[in-house]
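Structural description and commentary
Each chain is listed here by its residues.
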Amino acid sequence: IFNKRLKIRTFVLLIHAHMLIKTQAIVLRTHKYGESQLIIDLLTKSMGCVTFIQHVQQSTKKRIGIPFFQPLTLLEIEYDHRRNSQLQHFKDISVAYPFKTLPFDPYKVSIALFSAEFLYNCVRREPSDEALFDFILNSVRWLDMSSDSCSNFHLVLMLHLSRFIGFYPTLDDYRQDDFFDLRNGVFCPMPPSHSEYIVPEEASKIRLLMRMTYESMSLFHFSRHERNRCVRLIIDYYRLHIPSFPEMNSLSVLETLFQ
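Everything numeric in this text was worked out from a predicted model, so none of it was measured.

**Observations regarding the overall build of the protein chain**
What the protein chain contains, in helices and strands, is seven helices and eight strands. Out of the 259 residues belonging to the protein chain, those deemed buried represent 45%. Considering only contacts within the protein chain whose residues lie at least 6 apart along the sequence, 61% involve residues at least 24 apart. On the protein chain, roughly 14700 Å² of surface is accessible, and the fraction owed to carbon and sulfur atoms is 53%.

The structure is reproduced here in structure tokens:
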């Protein structure tokens, strides 16, 4: 009886340690490994963030090449998920949504680079969450399809992402001349006892920013300085809530865009 139970338990463990997964995925980060391999971090709908290793060729004649792994590319993948392996291997891969404009618009490319880096820093330790995945998926498709100005896209993405990872600001208690407590995500009539807060002049704009959506973002006009200030404040907010949030390598490029 003991041996039978042991065999059953071993069989169950093997099943859970090795599963065939078919899922949608979004490319968040890619870097070279050796001469012809890539390490690719994907956000998947079924399993959260998963890291893959893939041999690629520059030649366009190859079925799987570098264009598959550009930031925010939307994929359909199949792989054997091995729990004890840090690097997974694709069994099958295809582009789920061919971009129409994103790879050909330098402004959108820069926004995609920044957004992918930001998303990776935010969600790499999050458990799988279909609502979070769908929000990011729909955001990427909106960026690709948009024919209006996309200068505020990253602001909408950054602000509304916080709703899915647990620290969306409390907006209902705002009163004129309130401060905004970045550490606790609330408005307050007096400066908090710590130094992580926004003064009333800037705090009053938070509610305005939170009203932006992808549909309405082209109606909001900011100078380059104002937009860049908003980005840095939002990053500061995330840095307070996500341990070890790193410096953003793509931020300096983003800050040169748009007037």
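**Some remarks on unusual backbone geometry**
One non-glycine residue with positive phi stands out, namely Asp177, at about 75°. With respect to the helices and strands, the residue Asp177 is situated in the loop between α4 (153-165) and β6 (179-181). Of note, the phi angle at Ser244 is positive, near 60°, even though the residue is not glycine. You can see Ser244 is positioned in the loop between α6 (224-241) and α7 (251-254). Since its relative accessible area comes to 61%, Ser244 is described here as exposed.

**Quick word on the packing of aromatic side chains**
By the definition in use, this model includes 18 aromatic pairs. Look at Phe153 and Tyr214: their rings are 5.1 Å apart centre to centre, the planes differ by 20°, and that puts the pair in the stacked class. Placement of Phe153 in helix α4 and of Tyr214 in the loop between α5 (200-210) and α6 is noted, with a sequence separation of 61 residues between them. Arranged with centres 5.0 Å apart and planes meeting at 80°, the rings of Phe167 and Tyr238 form a pair that is edge-to-face.

**Focus: the environment of Gly34**
Within the element layout of this structure, Gly34 appears in the loop between β1 (18-33) and β2 (37-44). On the accessibility criterion, Gly34 (56% relative accessible area) is exposed.

**Points about the side chain of Ser250**
As for its placement among the helices and strands, Ser250 is situated in the loop between α6 and α7. In contact with Ser250, other than residues within four places in its own chain, are Leu113, Phe114 and Glu117.

**Some details on the sheet that holds β1**
The antiparallel open sheet is built from five strands, whose spatial order is β3-β2-β1-β4-β5. Of all strands in the sheet, those with a lone pairing partner are β3 (48-55) and β5 (90-95), marking the two edges. In this sheet, neighbouring strand axes are inclined to one another by 40° on average, regardless of whether the strands run parallel or antiparallel. Two elements, β1 and β2, share eight bridges in a ladder whose sense is antiparallel. Looking across to β2, one finds that Tyr33 is bridged to Gln37. Across the face of the sheet, helix α2 (residues 106-123) comes into contact with β1, β2 and β3 while running at roughly 125° to β1. Packed onto the sheet, helix α3 (residues 130-145) meets β1, β2 and β4 (74-82) and runs at close to 50° relative to β1.

**Side note on the pairing of β4**
Summarising the sheet, β1 and β4 pair through nine bridges and their orientation is antiparallel. In the sheet register, Met19 faces β4, and the bridge partner there is His81. Here five bridges tie β4 to β5, and the two strands are oriented antiparallel to one another. Across the sheet, the residue bridging to Tyr79 is Phe90, located in β5.

Reading the values: rules and limits
- Residues numbered from 1 in each chain as written.
- Predicted model: local features only at pLDDT ≥ 70, side-chain atom pairs only at ≥ 80, totals over all residues.
- Heavy atoms only, no water.
- Helix = DSSP H or I, 4+ residues; strand = E, 2+ residues; numbered from the N terminus.
- Buried < 20%, exposed > 50% of the residue type's maximum accessible area, 1.4 Å probe, protein only.
- Contact = heavy atoms within 4.5 Å.
- Areas by Shrake-Rupley, 256 points an atom, 1.4 Å probe, with all protein chains shown as cover.
- Phe/Tyr/Trp six-rings, centres within 6.5 Å; stacked < 30°, edge-to-face > 60°.
- Pairing = 2+ DSSP bridges.
- Axes fitted to C-alpha atoms, helices over the stretch in contact; angles between N-to-C directions.

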